[in-house]
Amino acid sequence: MRKITSVIMLASALALAGCSSQKSAGTRAEKNSFGESLAGFRGKGSAYYTGKGPIPRGGGRILVGKPYQVAGRWFKPKPQPGYDRKGAASWYGEAFHRRRTSNGEYFDMNMLTAAHPTLPLPSYARVTNLDNGNVIVVRINDRGPFVGSRIIDLSKRSADALDFKRKGKAKVRVQWIGKAPLNDQGSHLAMMNRKATSGAGMGTLIAAADGPSRRGDDGVQVADAAPETLTQQASYEPPKRKPKRRGESDIIQVGSFGSLDAAEQARAALSAIAPVQVYEWDTAEGTVYKVQLGPFHSDIGAADALNAVREQGYVKATLQSARIEQVAYRH
C-alpha cells in the first residue's frame, strides 16, 4: 500500500507541475523589447479596439489607484510633484497594440506614450535619453514596467524618438510634468514636444500642461533633420488645387529626412496605408531622403490616406499632383 500511495502522490505532483509549466509557457509568450517575460504586465488579456481606422486618442478616466502588488513587489500610486528619477527604460509594442491601457484608453504603439508604475494616469512626463541627449514628452496612460529595475516602459514610437529601439534598453531621466487632459487628441502633446525639443525648462512645460493647445496639428514628426520646410496646415481637409493634368495622379509628400534610417522608419510606419517610396534628393545642403505615398487615382482615397498619415503624427504631409514617373523610386 505504501508503494501504491507513493506512486499516486508522485503522479499527482507531476500533473500539477505540468499545469504550472503550461501556465508559465502561456505567460512567456508575451515579452518586452529586451526579451523578458511580461507576467502580470498591465493590460495582458484586456480588450482590443476592433473599430476601423485610426485608434481613438485620449478618453479613458483619471486614475491614481490604490497600492497594488505584482510579482511580490508593492507599488503605491500617488501624485508626485517634483518626481525626477534616473534609471532604465524599455519599450513595448505589437503585443499590446490596440489593447486597453490601465486607465481605459487604447494603446497605440505609434504614439508618444508610456507606462509608469505609480504616477497618476493620464500624465505628462519629460524623458531624456542620457546616452544621446534626445528629449521627448510622453503621455503616461498605462501601468508598468514590473520587470527588474525599470522605471518606465515607452511605446515603440517613443523608443524610436529617443533612438534606442534597436538596443531595447536605455538609461533615461524621467521628470513628471503634471496631469494630462482626458480629451487630448494629440495637439496638446505635440505642442509640448515642440517646447521640449526647443529647450524649454520644466517650469515652461508645467505651465503648458495646464492649458490645451489651440493649434490644429495632431502629433509630432520626429526626424534626424528636415532641410526642407513644409507648409503647416491646420485643417485635415485637402487644399483646393488646380485640376490634375492628363497623366498626373495624386501623391502625398510626407516629408524630407536627413538620414536614410529616419526615412525608412517613416516608410515602416506608413506602409499599411498605401505604397510608400523613399528617394534621394541632392540639395546644396547635402543629400536628403524624401518619403512619398501613392499614387492615388481617387480624390477620396487620397484624402483618406492624407488623414491617416497625419493621424500617425506626420502633420506636415501635403497632397500634391505628379506624373507617374516622378513617383518612382530613385536609386
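Residues numbered from 1 in each chain as written. Predicted model: local features only at pLDDT ≥ 70, side-chain atom pairs only at ≥ 80, totals over all residues. Heavy atoms only, no water.

Peer 1: Can you break down the packing of helix H3 (residues 187-197) against helix H4 (residues 202-209) residue by residue, with the values?
Peer 2: Running from amino to carboxyl end, H3 crosses H4 at an angle of 165°, the nearest separation of the two axes being 10 Å. Between H3 and H4, the angle is such that the two are roughly antiparallel. The way H3 lies across H4 gives a crossing that is right-handed. Facing His188, Met191, Met192, Lys195 and Ala196 of H3, the residues of H4 in contact are Thr204, Leu205, Ala208 and Ala209. For the contact of H3 with H4, the per-class residue count stands at six nonpolar, two polar and one charged. (Axes fitted to C-alpha atoms, helices over the stretch in contact; angles between N-to-C directions. Helix = DSSP H or I, 4+ residues; strand = E, 2+ residues; numbered from the N terminus. Parallel < 35°, antiparallel > 145°, perpendicular 65-115°, else oblique. Left-handed = near helix turned anticlockwise from the far one by under 90°. Contact = heavy atoms within 4.5 Å. Nonpolar A, V, L, I, M, F, W, Y, C, P; charged D, E, K, R; others polar.)

Peer 1: Break down helix H5 (residues 260-270) for me, with residues and values.
Peer 2: All of the buried residues along H5 are Ala262, Ala263, Ala266 and Leu270. The arc enclosing the buried residues of H5, seen along the axis, measures out at 100°, which places them on a common side. Two or three places before Ala262, at the opening of H5, Ser259 has a side-chain oxygen 3.2 Å from that residue's backbone nitrogen. (Buried < 20%, exposed > 50% of the residue type's maximum accessible area, 1.4 Å probe, protein only. Arc of directions from axis to C-beta. Polar contact = N/O pair within 3.5 Å; in protein donor to acceptor, adjacent residues only side chain to side chain.)

Peer 1: Outline the packing of aromatic side chains, listing residues and values.
Peer 2: This structure, assessed with the given rule, holds six aromatic pairs. Relative to Phe75, the ring of Tyr68 lies with its centre 5.4 Å away and its plane at 25°, an arrangement referred to as stacked. With respect to burial, Tyr68 and Phe75 carry one shared label: buried. Residues Tyr68 and Phe146 carry aromatic rings whose centres are separated by 5.9 Å and whose planes lie at 80° to one another, so their mutual orientation is edge-to-face. In this pair, Tyr68 sits in strand E1 (residues 68-70) while Phe146 sits in the loop between strand E6 (135-142) and strand E7 (150-155), placing the two residues 78 residues apart along the sequence. Of the two residues, Tyr68 and Phe146, neither departs from the other in class, the shared state being buried. (Phe/Tyr/Trp six-rings, centres within 6.5 Å; stacked < 30°, edge-to-face > 60°.)

Peer 1: Could you give an account of unusual backbone geometry, with specific residues and numbers?
Peer 2: Going from Gly144 to Pro145, the amide bond is cis rather than trans, its omega being -5°. Secondary-structure assignment places Pro145 in the loop between E6 and E7. Between Gly294 and the following residue, Pro295, the backbone shows a cis peptide bond with an omega angle of 5°. In this structure, Pro295 sits in strand E11 (residues 286-296).

Peer 1: I'd like a rundown of the confidence of the model for the protein chain, residues and numbers included.
Peer 2: When pLDDT is low, close inspection of the predicted coordinates is not appropriate. Per-residue pLDDT for the protein chain has a mean of 74; in total, 71% of the residues score no lower than 70. Residue range residues 212-242 is modelled with pLDDT below 50. Its contacts to residues more than four positions away, or to other chains, number 73 contacts. (pLDDT = per-residue confidence, 0-100.)

Peer 1: Report on the environment of Pro120, specifying residues and quantitative values.
Peer 2: With respect to the helices, strands and loops of the structure, Pro120 is situated in the loop between strand E4 (113-115) and strand E5 (123-129). Residue Pro120 is classed as buried on the basis of its relative accessible area, which comes to 2%. Spatially, the C-alpha atom of Pro120 lies 8.1 Å from that of Ile140, the residues being 20 residues apart in sequence. What Pro120 contacts, discounting residues up to four positions off in sequence, is Leu63, Val64, Lys78, Pro79, Arg143 and Trp176.

Peer 1: Describe the side chain of His116, naming the residues involved and giving the relevant values.
Peer 2: Relative to the elements of secondary structure, His116 occurs in the loop between E4 and E5. Those residues within four positions of His116 in sequence are excluded, and the remaining contacts are Tyr83, Ile140, Asp142, Arg143, Gly144 and Ile151.

Peer 1: Tell me about the sheet that holds E7, residues and numbers included.
Peer 2: Strand order in this closed barrel of six strands is E3-E7-E4-E6-E5-E8, and the pairing throughout is mixed. Adjacent strand axes in the sheet meet at a mean angle of 45°, parallel and antiparallel pairs treated alike. Strand contacts of H3: E5, E6 and strand E8 (170-179), with the helix running at about 145° to E6, the strand carrying the most contacts. Lying over the sheet, H4 contacts E5, E6 and E8, oriented at roughly 45° with respect to E8. (Pairing = 2+ DSSP bridges.)

Peer 1: Would you mind going over the nonpolar core in detail, with residue names and values included?
Peer 2: If you look at the biggest cluster of nonpolar residues, it comprises 37 residues, and the most contacted ones within it are Ile152 and Leu154. Ignoring anything within four residues of it in the chain, the contact list for Leu154 reads Ala89, Ser90, Trp91, Tyr92, Thr113, Ala114, Val127, Val138, Ala159, Leu162 and Phe164. By size, the runner-up hydrophobic cluster in this structure holds 21 residues, among which are Val254, Tyr289, Ala305 and Tyr314. (Core = buried A, V, L, I, M, F, W, Y, C linked by side-chain atoms within 4.5 Å.)

Peer 1: Report on the environment of Ala170, specifying residues and quantitative values.
Peer 2: Locating Ala170 in the fold gives a position in strand E8. Note on Ala170: relative accessible area 6%, which makes it buried. The sequence separation of Ala170 and Asp131 amounts to 39 residues, and the corresponding C-alpha distance is 7.4 Å. In contact with Ala170, not counting residues within four places along its chain, are Gly87, Ala88, Ala89, Asn129, Asp131 and Phe164.

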